[in-house]
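Chain by chain, the residues run as shown.
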Amino acid sequence: EGVASESVFIDARPQGQPWEPWNWGNQQHHPLPTGEFLLEKSPPGKIDVRLRLDAESEPILSVLGVTIEPGQTNRDPRLQEIDLRACLYAYDLDLVGTAGETVSEAQVAYWPAGDASAVPRRLVALDGNLNLISPWPAIDLEVMARGFRTKKAADVRGDSRVELEVGIPVRIQLAAGVDLPAPPNELAIVFTPAVLYRPSFEAYVYSESDGQRIQMISLLRQDEVFAERELLCFLPTLGDYMVHWAIIDPSRN
C-alpha cells in the first residue's frame, strides 16, 4: 500500500553477469500498474532477476538462475505473487517553512535510522512534497533548501511534516565600481565550506559527508540589493566559508 509499481526497477541479465548499474541496456524494466512484468528480451539460458529501488541500490529481492527456454513463455514460480510488504516502506514528506509556506524545491538525503556510516540516498523534492520509498522501516533525514537552514530529523517512521527555519542571513557588500550586470546576466555568489575549498569557481561543491553534489549558489537580482550596496544571502549552517562571485547567464544553464 502506498507504493506505486513504477517505483520498482527490475533488472534481468545472464546468470553471473557482474552488476553494472549504469549499463543496463535492454535489461531494465518496470512492472505494469497491475504489478505484472514480462521479460521479453531475455535470451535463452539462465538469468538472474533482481528488484531494486533504483540503479544504484542494493536488491530488495533476488531470484537467481531463472531458466529461459526458447519459443515459449516461462513462468518461474519464484516470480509469481511476489510479496514486498516486508521489503518496502512508504513515506510522504511535506516540507514547509516556519510560516507554513511551501518549500518549492529541496534536496532530501535519507539513510537507515541510527546508521551514521551508511551512504545517504538523495532525492529532489518539488512543490513541498516528496513520496519516498525506502527499504528501511525507520530513517534519518537531512533536508537542504535554498534560503533555509539545513534540517535533520532522526528516526522518522511513516508520513512526516518537516518544518524548515529561515537560513542564516549574511550581507555581502559590493565594492566600489562593481555594478549588477544587465539582464539576462545575473550576479552569482557561491559560498563554499572552507574545508571543501577548491581554487576555482564552481556552481556545485561536494558534500563532506558522502560526496554527493549539493548546490550552494545564490542568484542575486536587483530587488535583493540594498541602497548601501549590500546583498542579502542565507546560509544553511554555521561555519567558515569561502566566497566567490561571478557574472553568469542563467538561461544558458
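Each remark here, short or long, concerns the structure printed above.
In this text the structure is predicted, and so the values were computed from the model without any measurement.

Undergrad: Before we go on, may I ask you to explain the overall build of the protein chain in this structure?
TA: When you go through the protein chain residue by residue, the secondary structure sums to zero helices and 18 strands. Within the span of the protein chain, comprising 253 residues, buried residues form 37% of the whole. Looking at the protein chain alone, contacts between residues at least 24 apart form 62% of all its contacts between residues at least 6 apart. As displayed, the protein chain has an accessible area near 15200 Å², and 50% of this comes from carbon and sulfur atoms.

Undergrad: Which parts of the structure should I look at to understand the nonpolar core?
TA: Counting residues in each nonpolar core, the largest one holds 18 residues, and the members touching the most others are Leu 93, Leu 95, Val 108 and Leu 141. If you list the elements that add at least two residues to this core, you get β5 (89-97), β6 (105-112), β8 (129-134), β9 (139-144) and β11 (160-164). Once you skip the residues sitting within four places of it in the chain, Leu 93 turns out to touch Val 108, Gly 128, Asn 129, Leu 130, Leu 132, Leu 141 and Ser 160. Grouped together as the second largest cluster of nonpolar side chains are 15 residues, Val 8, Ala 12, Leu 51 and Val 66 included.

Undergrad: Just to check I follow, could you spell out the environment of Lys 152 for this structure?
TA: Its place among the elements puts Lys 152 in strand β10 (residues 151-156). On the basis of relative accessibility, which here comes to 60%, the residue Lys 152 falls in the exposed class. Residues Lys 152 and Tyr 110 lie 42 residues apart in sequence; the distance between their C-alpha atoms is 9.7 Å. Ignoring sequence-local partners within four residues, the contact set of Lys 152 consists of Leu 141 and Glu 142.

Undergrad: So what exactly am I meant to see when it comes to unusual backbone geometry here?
TA: A negative phi angle characterises most non-glycine residues, just as the trans form characterises most peptide bonds. Notably, Glu 81 is not glycine yet its phi reads approximately 55°, a positive angle. The phi dihedral of Asp 127 falls on the positive side, at around 55°, and the residue is not glycine. When you line up the elements, Asp 127 lands in the loop between β7 (121-126) and β8. Classification of Asp 127 as exposed rests on a relative accessible area of 64%.

The rules behind these values
Residues numbered from 1 in each chain as written. Predicted model: local features only at pLDDT ≥ 70, side-chain atom pairs only at ≥ 80, totals over all residues. Heavy atoms only, no water. Helix = DSSP H or I, 4+ residues; strand = E, 2+ residues; numbered from the N terminus. Buried < 20%, exposed > 50% of the residue type's maximum accessible area, 1.4 Å probe, protein only. Contact = heavy atoms within 4.5 Å. Areas by Shrake-Rupley, 256 points an atom, 1.4 Å probe, with all protein chains shown as cover. Core = buried A, V, L, I, M, F, W, Y, C linked by side-chain atoms within 4.5 Å.

Distances and angles like these do not, on their own, reveal function.
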